[in-house]
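Survey of secondary and tertiary structure
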Amino acid sequence: MSYYEIQGGRPLEGRLTVQGAKNSVLPILAAALLAPGRSVIHNCPDLSDVSAALDILRLLGCRVEREGEAVAVDAAGLKCARIPEGLMRQMRSSVIFLGALLARLGEAELSYPGGCELGPRPIDLHLSALRTLGAEITEEQGNLRCRGGAWLRGGEICLSIPSVGATENAMLAACGCPGVTTIVGAAREPEIVDLQNFLRAIGARVTGAGGSRVFVAGGRPLHPARYRVMGDRIAAATYLCAAAATGGQVEVAGVEPGALTALLTCLEQAGCQLTAAGDAVRLTCRGPLRSISPVRTAPYPGFPTDAQAILMAALAGGEGATLFVENIFDSRYGHVDELRRMGADICVAGRAAMVTGVGRLHGAGVRSPDLRGGAALVVAALGAEGTSRVSQLHHIRRGYERFPECLRALGASIWERQ
Ligand code: UD1
């Protein structure tokens, strides 16, 4: 079983261009199904979740080729509307194919996405959004059958929670529905804007993304396009927190600094110096991180749940007490027990976690509990004294491209061992 061996305590120094955004590229790859012909997606990160999405596209009848940082998807031969359970289980967010298949073929069949390390992740909002557009959905023995066809029509979808995935599924399905769809209470994440930009590039009429109402004028013929995916704000957050935890100085490029405001505010409060210029953020951290005001995760533009574990890991090796409140997912403190093995002082009560900085963590053998929890353990290990071993790397590979190589380029000592 492979693991990362990390020798902590080296300040990270240097410049890094961050990978393309995982959470953008997955819906954009699904959206490529809407346009018969060959779309080319640039800045497509090489991740296990992306490989799973490409496997699904192939199985559905698309021709898919990777050409360096780009992936070409030819959806002309799309013939199959069914995704088998094995592929659905490989990647939870494969539910995003529901809206795309419905729009292009008028039907979709897939198994219910299985359990998840972040607690139950229902898809009721996805299904009710598609039903509003006229889709008939039946759920039998863990299988979802979704039928649309000639009776699909645009409509008003009201989301009771600004769900990222449900907003994306609704946008994709609406592209195939004649008439105007309004998504009220839409998620406002930058990845939704990126999806809108891709949909526009293939000829769809979509406006409003980034705000809480998204409008889609559907039923238009779509065409393939070339598109460059935005930089990954959570990967950028990870490298910045790693630099902060090690008392380093880095420049992270290839990301929109405005998309990182909530995290940058926290890092600044913790004592880091930050400057944003163009598509880059520069961080300098001298001395231990200080405690900060409560960090409450919230939908964008609030503090991202995906950066909760990562910032917590950095502050655990700092000074003073900081309260975290996880408001998005029920069970997102799987990293806490592992951080404790490294000497962290963290007390969890329901949605709240009180982190008291211990000055310096120490190396230990730890297991990644999930994708961002695993990245958090790497951040903690880089700042800790001594050697750590981080295992269960399949979680980390879902979201980080060439993670050890990128960190080594900044001076870290991190090696993958068997
Ligand atoms: C996406 C991101 C994930 C991020 C999350 C929140 C992708 C591939 N993943 O996940 O990295 O952590 O946004 O920013 O983009 N909910 C329901 N019913 C639904 C759908 C969601 O109750 O039908 C709830 C969820 O349980 C959760 C909350 O809504 O409590 C937010 O989930 P959602 O925004 O849908 O997250 P994902 O799209 O799954």
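As the structure is a prediction and not an experimental result, all values here were calculated from the model.

We now examine unusual backbone geometry. The amide bond that connects Y300 to the next residue, P301, takes the cis arrangement and shows omega of 10°. Tracing the sequence through the fold places P301 in the loop between β18 (295-296) and α10 (308-316). Positive phi values are uncommon outside glycine, yet Q392 reaches one of about 60°. Considering the arrangement of structural elements, one finds Q392 in the loop between β23 (387-391) and α13 (393-397). For R402, which is not glycine, the phi torsion reads 45° and is therefore positive.

With that settled, consider the site of the ligand. D124, L125, S163, D306 and I328 are the nearest of the 17 residues found near the ligand. G165 is positioned such that a nitrogen or oxygen atom in its backbone is 2.8 Å from an oxygen atom of the ligand. Within the backbone of I328, one N or O atom sits 2.6 Å away from an oxygen atom of the ligand. In the complex, the protein chains occlude 83% of the 740 Å² of accessible area that the ligand would expose alone. In terms of residues, the shell around the ligand owes the most to one element, helix α5 (residues 124-132), which gives three residues. Of the residues contributing to the shell around the ligand, the split by class is seven nonpolar, six polar and four charged.

By the definition in use, this model includes 19 salt bridges. Here E65 makes a salt bridge to R38, at a shortest N to O gap of 3.7 Å. Taken together, the residues E65 in strand β4 (residues 63-67) and R38 in strand β3 (residues 38-42) connect sequence positions 27 residues apart. One salt-bridge network, held together by shared partners, links R38, R63, E65 and E67.

Basis of the calculations
Residues numbered from 1 in each chain as written. Predicted model: local features only at pLDDT ≥ 70, side-chain atom pairs only at ≥ 80, totals over all residues. Heavy atoms only, no water. Helix = DSSP H or I, 4+ residues; strand = E, 2+ residues; numbered from the N terminus. Near = heavy atom within 4 Å. Polar contact = N/O pair within 3.5 Å; in protein donor to acceptor, adjacent residues only side chain to side chain. Areas by Shrake-Rupley, 256 points an atom, 1.4 Å probe, with all protein chains shown as cover. Nonpolar A, V, L, I, M, F, W, Y, C, P; charged D, E, K, R; others polar. Salt bridge = Lys/Arg side-chain N within 4 Å of Asp/Glu carboxyl O.

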